[in-house]
Structures are given as structure tokens and as C-alpha cells.
Amino acid sequence: MNEEKTEKEQCKIADTIEKVPKDIQLKSQNVSLTVCIISCLVMMGIKMYLNQPYKDILVIFAATNGGKNLYIGLRTRDIVYIILGVMWGIMSVLLLVDFLM
């Protein structure tokens, strides 16, 4: 009886997660990207103030943007987001190579 109740609760939780409205998911993605941008800008400002190289933070920013756009593009089959994701990804690789040299 107890196991049966636990299985029903787990199924209910899984159904609830799948039914999260798309607008809430999109808003959460936008909020997370905004937090990433703000934190990258703050870290860049601190590194510039301390006269340290800051290209590593640009790599993080470009990779985050690339990952987000590519994920949205592959999930929605929207070619614009796929192209943006690939372009941000290429930029992050180029920035990483420039940072390492």
C-alpha cells in the first residue's frame, strides 16, 4: 500500500514538471541569461580595475549565449536560433584560442 502511494506521488510530480507552461520555462531561461550577463560584467569590471586579463569572462559569456540559442533552436527547430547558437559557439572558441595565446 505504501509503495503504491509513493509511485503515484512520483508519477504526479513527473506530470507536474512536464506541464510547466512554456512561458515560464522561457522566462526562467531569460532570467538565467540575464544573471549570467550581469555576473560576467561585474567580473569583467573587477578584472579591468585590477589590470588583469578579462578575455576568459568573454569566453564564458559567448559559450553561455551559444548554448542557450543552440538549445532553443534544436528544441523548436528554428533555424535562426541554430545559426545564432553556432555563431556564438564559434566566437567562444575563437575567444578561447585568443585567450590561451
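Being a predicted model, the structure only gives us computed values, none of them experimental.

Undergrad: Which parts of the structure should I look at to understand the packing of helix α3 (residues 55–76) against helix α4 (residues 79–100)?
TA: How two helices sit against one another is set out by the angle between their axes and by the gap between those axes. Viewed as axis vectors pointing N to C, α3 and α4 meet at an angle of 160°, and their least axial separation amounts to 7 Å. By the angle between their axes, α3 is roughly antiparallel relative to α4. The two elements α3 and α4 cross, and the hand of that crossing is left-handed.

Undergrad: Whenever I open this one, α3 confuses me. Can you help?
TA: Three or four residues apart is the spacing at which side chains of an α-helix point the same way, because the helix has 3.6 residues per turn. For α3, which comprises 22 residues, the first-to-last C-alpha distance of 32 Å matches the rise-based estimate of 32 Å (1.5 Å per residue) to within 8%. Residues of α3 that are buried include every one of Ile57, Val59, Ala62, Asn65, Gly66, Lys68, Asn69, Ile72 and Gly73, and no others. Backbone geometry just after α3 places arginine 77 at a positive phi near 60°.

Undergrad: Which parts of the structure should I look at to understand the pattern of salt bridges?
TA: Opposite charge on two side chains makes pairing possible when the charged atoms of those side chains draw close. Taken as a whole and judged by the stated rule, the model has two salt bridges. Between lysine 55 and aspartate 98 there is a salt bridge, and its shortest N-O distance comes to 2.7 Å. Placement of lysine 55 in helix α3 and of aspartate 98 in helix α4 is noted, with a sequence separation of 43 residues between them. Judged by its relative accessible area of 34%, lysine 55 is partly exposed. For aspartate 98, a relative accessible area of 37% translates into the label partly exposed.

Undergrad: Which parts of the structure should I look at to understand the side chain of asparagine 69?
TA: Tracing the sequence through the fold places asparagine 69 in helix α3. Setting aside residues up to four positions removed in sequence, asparagine 69 forms contacts with Tyr81, Ile82, Leu84, Gly85 and Trp88.

Undergrad: Looking at this model, I keep getting lost on the packing of aromatic side chains. Mind explaining?
TA: The relation between two aromatic rings is expressed through the spacing of the ring centres and the mutual angle of the planes. For the structure on display, the rule yields one aromatic pair. Their ring planes at 90° and their centres at 5.5 Å tell us that phenylalanine 61 and tryptophan 88 sit as a pair that is edge-to-face. Here phenylalanine 61, found in helix α3, pairs with tryptophan 88, found in helix α4; they are 27 residues apart in sequence, far enough to count as distant. Residue classification places phenylalanine 61 among the partly exposed residues on the basis of a relative accessible area of 22%. Owing to a relative accessible area of 23%, tryptophan 88 belongs among the partly exposed residues under this scheme.

Each value, and the rule that gives it
- Residues numbered from 1 in each chain as written.
- Predicted model: local features only at pLDDT ≥ 70, side-chain atom pairs only at ≥ 80, totals over all residues.
- Heavy atoms only, no water.
- Axes fitted to C-alpha atoms, helices over the stretch in contact; angles between N-to-C directions.
- Helix = DSSP H or I, 4+ residues; strand = E, 2+ residues; numbered from the N terminus.
- Parallel < 35°, antiparallel > 145°, perpendicular 65-115°, else oblique.
- Left-handed = near helix turned anticlockwise from the far one by under 90°.
- Expected span 1.5 Å × (residues − 1).
- Buried < 20%, exposed > 50% of the residue type's maximum accessible area, 1.4 Å probe, protein only.
- Salt bridge = Lys/Arg side-chain N within 4 Å of Asp/Glu carboxyl O.
- Contact = heavy atoms within 4.5 Å.
- Phe/Tyr/Trp six-rings, centres within 6.5 Å; stacked < 30°, edge-to-face > 60°.

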